[in-house]
Amino acid sequence: MRPPSATKRVLKFGGTSLGSADRIRSAAQLIAGQVAETVPVVVVSAMGSTTDSLVRAANAAQLGEQETWRELIDSLEREHLEVCSDLADFSPGAEEPAAAILSHLRAVRELCQVAGAERGLSGTQLDEISSTGELLSAAITADTLNKLGLAACAVDAKQIIQTDGRFGRAMVAAQASEHLIRGRLSPLLADRVIPVVTGFRGATAEGSCTTLGRGGSDSTATIIGALLPADEVWIYTDVAGVMTADPRLVPSAKVIPFLSYREALELAFFGARVLHPNSMDLPRHHDVRVRILSSFEPVSQGTVIGPKVKSRPGVRAVVDTRDARLFTVGGVDGVAFTRVGTAVLGGLEAEGIPTLIVTQSSADNVICFAVSGEHGKRVREILRKLRDDTGVLGEIEVTSKAGIVVAVGDSMRGTPGIAAKLFGALAERNINVVAISQGSSELSVSAAVRAEDVAAAVNAIHDAFELGAG
Ligand code: ADP
Ligand code: ASP
Ligand code: MG
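Thresholds applied
Residues numbered from 1 in each chain as written. Chains lettered and ligands numbered in written order. Predicted model: local features only at pLDDT ≥ 70, side-chain atom pairs only at ≥ 80, totals over all residues. Heavy atoms only, no water. Core = buried A, V, L, I, M, F, W, Y, C linked by side-chain atoms within 4.5 Å. Buried < 20%, exposed > 50% of the residue type's maximum accessible area, 1.4 Å probe, protein only. Contact = heavy atoms within 4.5 Å. Axes fitted to C-alpha atoms, helices over the stretch in contact; angles between N-to-C directions. Helix = DSSP H or I, 4+ residues; strand = E, 2+ residues; numbered from the N terminus. Parallel < 35°, antiparallel > 145°, perpendicular 65-115°, else oblique. Left-handed = near helix turned anticlockwise from the far one by under 90°. Nonpolar A, V, L, I, M, F, W, Y, C, P; charged D, E, K, R; others polar. Near = heavy atom within 4 Å. Polar contact = N/O pair within 3.5 Å; in protein donor to acceptor, adjacent residues only side chain to side chain. Areas by Shrake-Rupley, 256 points an atom, 1.4 Å probe, with all protein chains shown as cover. Pairing = 2+ DSSP bridges. Right-handed = clockwise from strand over helix to strand, strands pointing away.

**Q** Sorry if this is basic, but what is going on with the nonpolar core here?
**A** Soluble globular proteins tend to bury their nonpolar side chains together. By size, the foremost hydrophobic cluster in this structure holds 99 residues, and its most contacted members are L185, I224 and L275. Setting aside anything within four residues of it in sequence, one finds L185 in contact with V41, V155, I160, P195, V197, I224 and L228.

**Q** Explain the packing of helix α2 (residues 50-62) against helix α3 (residues 66-86) here, please?
**A** For any two helices packed against each other, one specifies the inter-axial angle together with the distance between the axes. For the pair α2 and α3, interaxial distance at closest approach is 8 Å and the crossing angle is 155 degrees. Relative to α3, α2 is oriented roughly antiparallel. The handedness of the crossing between α2 and α3 is left-handed. Between α2 and α3, the residues in contact are T50, S53, L54, R56, A57, A60 and A61 and T68, W69, L72, I73, L76 and H80, respectively. Looking at the contact of α2 with α3 residue by residue, the class counts come to eight nonpolar, four polar and one charged.

**Q** It is not clear to me how the environment of E263 should be interpreted in this structure. Could you clarify?
**A** Locating E263 in the fold gives a position in helix α9 (residues 261-269). Spatially, the C-alpha atoms of E263 and G341 are 28 Å apart, while their sequence positions differ by 78 residues. With near-sequence residues (within four places) excluded, E263 lies in contact with R316, V408, G409, D410 and L443.

**Q** Just to check I follow, could you spell out the site of ligand 1 for this structure?
**A** In the vicinity of ligand 1 lie 18 residues, with T237, D238, M243, D246 and R248 positioned nearest. The contact in question runs from an oxygen atom of ligand 1 to an N or O atom on the side chain of R248, over 2.8 Å. Separating an oxygen atom of ligand 1 from a backbone N or O atom of V274 is a distance of 3.4 Å. Protein coverage of the free-state accessible area of ligand 1, which is 570 Å², stands at 91%. When the residues that make up the shell around ligand 1 are grouped by side-chain class, the tally is eight nonpolar, five polar and five charged.

**Q** Can you walk me through the pairing of strand β4 (residues 194-198) in this structure?
**A** Each regular strand shows side chains that alternate between the opposite faces of the sheet. Across the five residues of β4, five count as buried, placing the element largely inside the fold. What you see with β4 is no split at all: I194, V196 and T198 on one side and P195 and V197 on the other are buried throughout. Bridging between strand β2 (residues 41-44) and β4 involves three bridges; their strand directions are parallel. Of the residues in β4, the one forming a bridge with V43 is V197. With four bridges connecting them, strand β3 (residues 152-155) and β4 associate as parallel partners. Paired with A152 across the two strands is I194, which belongs to β4. Handedness of the β-α-β unit built from β3, helix α7 (residues 174-190) and β4 comes out right-handed.

See below:
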C-alpha cells in the first residue's frame, strides 16, 4: 500500500451521481476503491433536482405561498429520509444523517416562514436555502462511508470557501480560502479521515452564506484541488467525459480524451454544462489536472484537462447556450460607438454580468450583445436606467428566443477557413445567423441563431468538422 501522502485527490460527485440510494452506494464504493492510493477529499452536490425544489420553495415563500413551499420541503424531507432508510441495510444506524436532515430542513422552514411574514428574503438567506441540499447529501454520504468502515466527516464549505458578497454567483477569495482549506482539511487527511465537503456553498468574510452559481460544485472541487493543493481533481458526472457536443443534442458526440485548460475554459464559458464556467480558473493557474469521468462507467478514462496538448488542429467541440437574450442598443445621433459601447459594457461589468458575444453593427453606433437567459431581466433594467441617466442610448431591442452556438479549439489559430466552413454549414441547412463573433484569441467562433435552430446548428457544425468520426 502506498503511503497516504502519495496522491492527493479531490473527488466530486454531481447531482445525478448521488440521485438515489443506489447511486450513493456506488459513489461510496468508488471512493472506498481508492483509499489504498489516496485519502481523497470528497465534494458533493445536492441529490438529483433538490436545488431546483429549494429554489422553487424560496420563491414561493417570498410570494407568501405557504402551502406550496411547505409541500416542497415536506417532499424533500420524505425523499431524503427514504434514501437514509434504503441505505440502512448497507449502513445500519442511519439515524445520524436522518437527524441532520431534519435539523437542516427545519432551518429552511424557519427562513421560509420569515419570508412569508416579511415578504422577502435577503441574498444570503436565499443562498442558505438553495444550498441546503448539499448539507443533506454530505451528511448521507459521510455516514455511508462510515458504515463502509471508512473514517469520514461532513464539512460545511462555509468554513473553508471564502467568497465576495455577490450572492447567487459569488467569486472565491483565493488567498483567504487557501488558509481555511489547509487549516481545516489537512489535519483530517493526516488522520486518514475523508472530508465530505458540501459543494456550491461558501461564505463571506463575515460568515454570510453565499453560493457560487448554479452548477458551482465543480468550482468547489477545483478550488479545493488548486489550493490544498491536490495532485488531481476527478469530477464524476453522468456522461463519460467532456464530449464533442452535448450528447443530448448530438447522438454521435464523442468523448475528448485531452483538453487544454484554455479550451475547457472556453467550453465551460459558452455553456457546456458538464463544467461550471468558473471551474477552470484556479486549476489553470496552479496547474492541477482535472479529469471528468462517468460515475456510471467509472472504468472509462474520461477527459483529462491540463496544459496545452498536441492535438488535431481546428475545431474540437461545439457548444451551445440554448437560452440566450440578444440585445441591440443604438446610440442617440452624433454619439460615437465607443461612448455607447462603454456605457453599455460598463453597466454590465458593474453587475458582473458576462456577455456571450459582442459585435458592433457596421459603421453605426449600434452595439449588439448576448447574455445568458438568467440575466435577461436584469440587463433590460440596467439598459433602461442607463438610457434615462446618461442620455447616450437610443433604441433598445431584445430578441428573447436566441441561442448561441460556438466552435472551440486551441489550435484554431492559424487554421484558415474555419469560419467560412462553419457559416457555410449553417447556410446549407438554411439556418439564419443573427450575429457572429470570433474571439481575438481565435479559440472560438460564435454565431447567434434563433433558439429553435440551436439543435440543427450544433449538428450542422458537428457534421461539417467531422467531430463524430474516428
Ligand atoms: P452533474 O450533476 O454531474 O454536475 P451536469 O448535469 O451539471 O452534471 O452536467 C452534465 C451534463 O452536461 C450532461 O448530462 C450533458 O447533457 C451536458 N453537456 C453539455 N455539453 C456537454 C459536453 N460538451 N460534453 C459533455 N456533457 C455536456
Ligand atoms: N446543486 C447545485 C445546482 O444544482 C450545485 C451543483 O450541482 O453543482 O446548481
Ligand atoms: Mg454540474
